[in-house]
Structure formats: C-alpha cells, structure tokens
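In case you want the letters, here they are:
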Amino acid sequence: MSEQQETVRRKRALSCIQPTGTPTLGNYLGALRNWVALQDEMDGCFAVADLHSITVRQDPQKLRQQIKEMFAILIAIGLDPEKNIIFVQSQVPQHAELAWLLACNTQFGELSRMTQFKDKSQKHADNINLGLFAYPTLMAADILLYQPDYVPVGADQKQHCELARDIASRFNNLYGNTFVVPEPYIMKAGARVRSLQDPTRKMSKSDENQNACVSILDDKDTIVRKFKRAVTDSEACVRYADGKDGINNLMEIYAAVTGKSYDEIEREFDGRGYGDFKLAVGEAVAAELAPLQERFASLMKDKAYLEEMMKKGASTASYVAARTLSKAKKKMGFVL
Ligand code: AMP
Ligand code: TRP
C-alpha cells in the first residue's frame, strides 16, 4: 500500500448532551459511557447542548451553573480533552447559523412527526415555541458541522439522527456534496433505561418522582435505596420475559454495568428473591459511578482548568465548524 493510501481518515464521532440537570443513569449507560469507549478508536467531538436546553424555559442563574457542571462531567466520565474536542455549543456561533440554512431545507411535515416534539409540547403546553419545533434542525447543524461518521446516542434520539441524515442527503443532492451522512450509533445494552417507578417510561432527568431516576452523582446509600424501592412484579423470579417490565429494566441495567448476559443473571439469582437482586444491582451501579464522582468533585474545585479547557474546546470547534459552514454557504449561493 502506498503511503498516501495508508493515511486513511480516522473515523469521527459526535454527540451532545443538554445541561438540564445532573445526567441520569440512562444518559450514562445510553450515551456518555459509550462516548468514552469510542475515544480510542475515533476522533471525538462532544458538546454541552445549551442552546437546545432553552427550548424549555430555564432559570439563567441555574443554567449558567449547569453548563459548567455538565462540562466538568464530560471530563469526569473519562473523556480526554487533549484527544477530543469538548465544548459548549453556544460558544461556537456556527451552530446557530447553519441551523438556519438547514431550517430552510427541512419540511414542516418532517418536524411535526418528531415524537420528542409531540411529548414536549404536551408537557409544556404554555410554551410551544418555534425553537422547540426547530430543535432537530439545530441538532442536525451540531452534527453536520463536524462531518462525523457516527452519532452515539440513546435509542430516544434515533429519530432525530435519521432526520439529520435526511437533511444532509437532501442538501448534498440539491447543492452538491457538502456533508458526510452520519450513522446513529446505538449500543444495545443500556440504550433505553426506564424509570424505576414506571418502567414503561424512559428514565428522565425531569421526572418529578425522585425515586424514579438515579442521578450519576447520587451517593451509594441513595442509589441502593432507590433500587430497593424499584417497581417489580409479584412473580418473585428473576427472569427476562414479556410483561415483566420492572425486572427486565433492572436486568438490562445490571447487564450493562457488569457485562453479564441475561442467562448468567438468571442463574446467579436462581431461587433468590427480588430483595437480593435489587441490592446487587444498586451496589454494582454505585461501584461503577464512584470513580467518576471523585473526579467530578476535584474538577469542580479547579475553576481555572475548566475555563481553560472550555476556551480551548470552543476555539478548536469553531475552526472545524467554520470550514464546513463556509462550504455550505458557498454551495447555496452566498457571497463570502
Ligand atoms: P438528554 O438528557 O436528552 O440531553 O440526552 C443525552 C443523551 O442520553 C442522549 O444520547 C439520549 O439518547 C441519552 N438518553 C437519555 N435518556 C436515556 C435513557 N433513559 N436511556 C438511555 N439513554 C438515554
Ligand atoms: N437532542 C439530544 C438529546 O436530547 C442532545 C443533542 C443535541 C445531540 N445536539 C446533538 C445529540 C447532536 C447528538 C448529536 O439527547
């Protein structure tokens, strides 16, 4: 192979998370943990999607703090800021600008079909704003600016990723090749962690029932207590089966954290009650989260380091984003 052929472009991954509170175990297993796993094989871009978070009303004081905390969490989970571009979305102005260009290439009908829009407009009926509707075009801009091959997300974001692919393909067909058409990257284990209190719904940061949701910064006692109170069924048999949503969810979590298969888990808890099982799940989750909690605590004490990393991330991200944005504007006929 010639030297030129050998310098094949490394694969790229991009994903973002909204700073709307401490991430849940669902965010961690469905997304964050996979980002860390990918960083050795791919060039990663990971961002705090603060512009997305204002589609729902936020308290400015709280938002500012949550942006900083989420940035620290990205480093605390093990993403290396020297190897990846880690940044805050609103500090890279190209996102909002490309979002407008893409909005003019996205159909009303496509956006109306998004289940997250339908859910959120029901939940926030007093504030069904244009941004909430256009949310997926901003997400498409986040993605397409960095020309990634993969977008590692939880299963709930698959629909938005598919729309980003459709927008990219349409743009490429209309104006000539501009964007890489990325693939959603959804790991099976942990892709859809459910509420501990209502296992038919996804575990969500905004759940009002504190027992429904494990935060990645919860201490061990809290985690164990929440799992102890998790809703199960009356069969008293740890097995994965239709109609056992509560136990299925706990088995999925346990499998995702320990790497064990469902068969192995069924054998491990054969003849033992749900109490034992719930305790084991709680302890395994607490052990998995302990190291990142320690790193988070020390990072939050080092304001100067966080600020420096934020600046560096925004500057590298802008450099990459500006190139793609110029290309898109030129193709559309703007005068640069
Ligand atoms: P968000 O909190 O909505 O910004 O989501 C950040 C990431 O976490 C996205 O990749 C989501 O798909 C993922 N995610 C959110 N909730 C869950 C869940 N309950 N199970 C698995 N992944 C999730
Ligand atoms: N919409 C995503 C969520 O709620 C967050 C997000 C914003 C995102 N921009 C993105 C995810 C780009 C992947 C790629 O989870």
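The rules behind the values
- Residues numbered from 1 in each chain as written.
- Chains lettered and ligands numbered in written order.
- Predicted model: local features only at pLDDT ≥ 70, side-chain atom pairs only at ≥ 80, totals over all residues.
- Heavy atoms only, no water.
- Near = heavy atom within 4 Å.
- Polar contact = N/O pair within 3.5 Å; in protein donor to acceptor, adjacent residues only side chain to side chain.
- Helix = DSSP H or I, 4+ residues; strand = E, 2+ residues; numbered from the N terminus.
- Nonpolar A, V, L, I, M, F, W, Y, C, P; charged D, E, K, R; others polar.
- Phe/Tyr/Trp six-rings, centres within 6.5 Å; stacked < 30°, edge-to-face > 60°.
- Buried < 20%, exposed > 50% of the residue type's maximum accessible area, 1.4 Å probe, protein only.
- Pairing = 2+ DSSP bridges.
- Right-handed = clockwise from strand over helix to strand, strands pointing away.
- Contact = heavy atoms within 4.5 Å.

> I'd like a description of the site of ligand 1, backed by residues and values.
Within the structure, ligand 1 sits among 17 residues, and Asn 27, Gly 154, Asp 156, Val 193 and Lys 205 are positioned closest to it. Gln 18 is positioned with one of its backbone polar atoms (N or O) 3.0 Å from an oxygen atom of ligand 1. Taking Gly 26, its main chain carries an N or O atom lying 3.1 Å from a nitrogen atom of ligand 1. Take the shell around ligand 1: its biggest share by element is four residues, from helix α2 (residues 25-38). Within the shell around ligand 1, the residues separate by chemical class into six nonpolar, seven polar and four charged.

> Please provide a residue-by-residue account of the packing of aromatic side chains, values included.
For the structure shown, the criterion picks out 11 aromatic pairs. Consider the rings of Tyr 150 and Tyr 185, whose centres lie 5.7 Å apart with planes at 70°: the pair is edge-to-face. One end of the pair, Tyr 150, is in strand β4 (residues 150-152); the other, Tyr 185, is in strand β5 (residues 183-185), and 35 residues separate them in sequence. Residue class for Tyr 150 comes out partly exposed when judged on its relative accessible area of 24%. Put simply, the rings of Phe 108, Phe 117 and Phe 133 pair up and form one aromatic cluster.

> Requested: an account of the pairing of strand β2 (residues 43-48), with residues and values cited.
Among the six residues of β2, five are classified as buried, and the element is accordingly described as predominantly covered. Note that strand β1 (residues 12-17) and β2 share six bridges and pair parallel. The partner of Leu 14 across the bridge, within β2, is Cys 45. For the crossover from β1 across α2 to β2, the handedness is right-handed.

> Tell me about the environment of Ile 253, residues and numbers included.
Secondary-structure assignment places Ile 253 in helix α11 (residues 245-258). Linking Ile 253 and Ala 189, residues 64 residues apart in sequence, is a C-alpha distance of 7.8 Å. Not counting chain neighbours up to four residues away, the residues in contact with Ile 253 comprise Leu 25, Leu 29, Val 193, Leu 196, Phe 227, Val 281 and Val 285.

> Now, about the side chain of Ser 204: what can you tell me, with residues and values included?
Take Ser 204: it is sitting in the loop between β5 and α10 (220-228). Take Ser 204: its relative accessible area is 18%, and that puts it in the buried class. When residues no more than four places from it in sequence are discounted, the contact partners of Ser 204 are Thr 24 and Cys 213.

> Would you mind going over unusual backbone geometry in detail, with residue names and values included?
A positive phi is found at Gln 147, a non-glycine position, where the angle reads about 50°. Its location among the elements puts Gln 147 in the loop between α8 (130-144) and β4. Positive phi, normally seen in glycine, also occurs at Ala 236, with a value near 60°. Exposure remark for Ala 236: the relative accessible area of 47% places this residue in the partly exposed category.

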